[in-house]
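Listed below are the residues making up each chain.
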Amino acid sequence: MDEAGWEVADDDESCAIAELIGRQIKFWRQAAGLRAVELGERMGYGEDLIYKVERGARIPRPEFLDKADEILGAGGHLKVMKPDAERARYPKKVRDVAKLEAQAVEVCSYNNSVVDGLLQHADYAEAVFSNRRPPLPHEEVERRLHARMARQKVIEASVGRTMFSFVLCESTLRRTPGGTMALRKQLDHLLQLSHLRNVDLQVLPLSREANTGLDGSFRLTKLKDGTTIGLIEVQLASRVVTSPKEVQLLDMRYGIIRAQALTPEESQNFIEKVGRET
C-alpha cells in the first residue's frame, strides 16, 4: 500500500473526484516545469506514486496535497481539495449514510449485535472489521476504520442541531470483539458520549421479558423536510426503507423499544456496572 495515498472506491463519483484531483496536480507540476520523478524526489515519494495520483488511480492523503501545494507554488489550490480527497476515499455506502446523517434532525438506532458504528471506539471498530470472514485485506480494514471514525464527527458537530437516540441491547455490552481491553475502552467511550446534550443512550437489559427488537437491528433517520428513512442491515445486504407504511411500523417499534429500555440515567449506571464486571 502506498502510504501517501488511498485506494479509489469502486464507484463513479469516487473515480471522478480522484481524476479531478490528479489533473490538478499534473497541471501545477507541468506549470512548475517539473517531471514526475523530480516532484517525487522533492516530496520524498516515488515516481510511480506521482503517476498513480495524476491519473486518478490513487487518492492523495492530506499531507501529500500540503507538500505538493507548497513545492509547486499552487497558492492553496491543491490544499483546498483535501475535503474532496477525504470524502472520495470512503465507500459509496458510507458517503450516502453520512450525507443523510448530516441532513438529519434526529437519528434513532437500535442494535442487538454490535455497538452502533457512530458510538464505536477505534479499537472496537477495528476488531469488528477484522473479525469479518472471509477476512478483509488490511488496506480495506484501514479504509473502513477511517470512514467510520470520520462519520462519528457528525455527533459533536451536531450539538444543538441534531438529536441522536441509541438503544443498545445488553448483549452488545457483553460481547468482546478485540478482547477485554477493547471492550473496557468501548464502555468508557459510551459513557463519555452519553453525557453529550444531543445524545440519549439507553440499554435494553437481557432480563426484560418484553423485547420488541428481537427481529434485529434497524435505524431511522428523520430529515429536515419531515421525511423519515429507515435502514435495515442483515447478512450480505442492507435495505433502505422509504415506504410510509413500513417506516411508520419501524417508528412505532422504536418507540416501544425505548419504553422497554432503561432510562438514560439508569443506562449510565448499568454501563458502569458492566465495566466493573469486565
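To be clear, the structure that these remarks concern was listed above.
This one's a predicted model, so the numbers in the text were calculated from it and none came from an experiment. (Residues numbered from 1 in each chain as written. Predicted model: local features only at pLDDT ≥ 70, side-chain atom pairs only at ≥ 80, totals over all residues. Heavy atoms only, no water.)

A. Broad picture of the packing of helix H7 (residues 122–130) against helix H8 (residues 138–151). H8 packs onto H7 with a crossing angle of 140° between their chain directions and a minimal axis gap of 10 Å. Relative to H8, the element H7 lies oblique. The way H7 lies across H8 gives a crossing that is right-handed. Across the interface between the two elements, Ala122, Ala125, Glu126, Phe129 and Ser130 from H7 touch Val141, Arg144, Leu145, Arg148 and Met149 from H8. (Axes fitted to C-alpha atoms, helices over the stretch in contact; angles between N-to-C directions. Helix = DSSP H or I, 4+ residues; strand = E, 2+ residues; numbered from the N terminus. Parallel < 35°, antiparallel > 145°, perpendicular 65-115°, else oblique. Left-handed = near helix turned anticlockwise from the far one by under 90°. Contact = heavy atoms within 4.5 Å.)

B. Here's a closer look at the packing of aromatic side chains. All told, the structure shown has five aromatic pairs when counted by the stated rule. Ring geometry for Phe27 versus Trp28: centroids 5.4 Å apart, planes at 85°, classification edge-to-face. In this structure Phe27 comes out as partly exposed when scored by relative accessible area, which is 49%. One aromatic cluster in this structure is built from Tyr110, Phe218 and Tyr254. Directly above the aromatic system of Phe270 lies the positively charged group of Lys273, at a separation of 5.9 Å from the ring centroid. (Phe/Tyr/Trp six-rings, centres within 6.5 Å; stacked < 30°, edge-to-face > 60°. Buried < 20%, exposed > 50% of the residue type's maximum accessible area, 1.4 Å probe, protein only. Lys NZ or Arg CZ within 6 Å of the ring centre and 35° of its normal.)

C. Seen up close, the packing of helix H11 (residues 180–194) against helix H13 (residues 264–277). One way to put it is that H11 packs onto H13 with a least axis distance of 10 Å and a crossing angle of 165°. One finds that H11 runs roughly antiparallel with respect to H13. Along this stretch, H11 crosses H13, giving a crossing that reads as left-handed. Where H11 abuts H13, its residues Leu187, Leu190, Leu191 and Ser194 lie against Gln268, Ile271, Glu272, Val274 and Gly275.

D. Summary view of the pairing of strand S5 (residues 199–204). Taken across its six residues, S5 has five buried, putting it largely inside the fold. Bridging between strand S4 (residues 163–169) and S5 involves six bridges; their strand directions are parallel. When the bridges of S5 are listed, Leu168 appears paired with Val203. (Pairing = 2+ DSSP bridges.)

E. Focus on the sheet that holds strand S8 (residues 237–241). Spatially, the six strands line up as an open sheet ordered S5-S4-S3-S6-S7-S8, and their pairing is mixed. At either end of the open sheet lies a strand with only one pairing partner, and these are S5 and S8. Across this sheet, the average inter-strand angle for adjacent strands is 10°, counted without regard to direction. Its contacts with the sheet place helix H12 (residues 244–260) against strand S3 (104–111), S4, S5, strand S6 (218–223), strand S7 (228–234) and S8, and it is angled at close to 110° to S6.

F. A look at the side chain of His189. Tracing the chain through its elements places His189 in helix H11. Setting aside residues up to four positions removed in sequence, His189 forms contacts with Leu119, Gln120, His121 and Gln152.

G. Layout of the state of the cysteines. Enumeration over the complete set of coordinates arrives at zero disulfides. Note on Cys169: no disulfide assigned, nearest cysteine sulfur contributed by Cys108 at a separation of 18 Å. Overall, the relative accessible area of 5% leaves Cys169 in the buried class. (Disulfide = S-S within 2.5 Å.)

H. Main features of the pattern of salt bridges. Counted under the stated rule, the structure contains 17 salt bridges. Its salt-bridge partner being Arg174, residue Glu170 comes within 3.0 Å of it at the nearest N-O pair. One end of the pair is Glu170 and the other is Arg174, both in helix H10 (residues 170–174) and four residues apart, which spans about a single turn. Classification of Arg174 by relative accessible area gives partly exposed; the value is 36%. Between Arg253 and Asp215 there is a salt bridge, and its shortest N-O distance comes to 3.5 Å. Of the two residues, Arg253 sits in helix H12 while Asp215 sits in the loop between S5 and S6, which places them 38 residues apart along the sequence. Look at Arg253 and you get partly exposed, because its relative accessible area is 26%. (Salt bridge = Lys/Arg side-chain N within 4 Å of Asp/Glu carboxyl O.)

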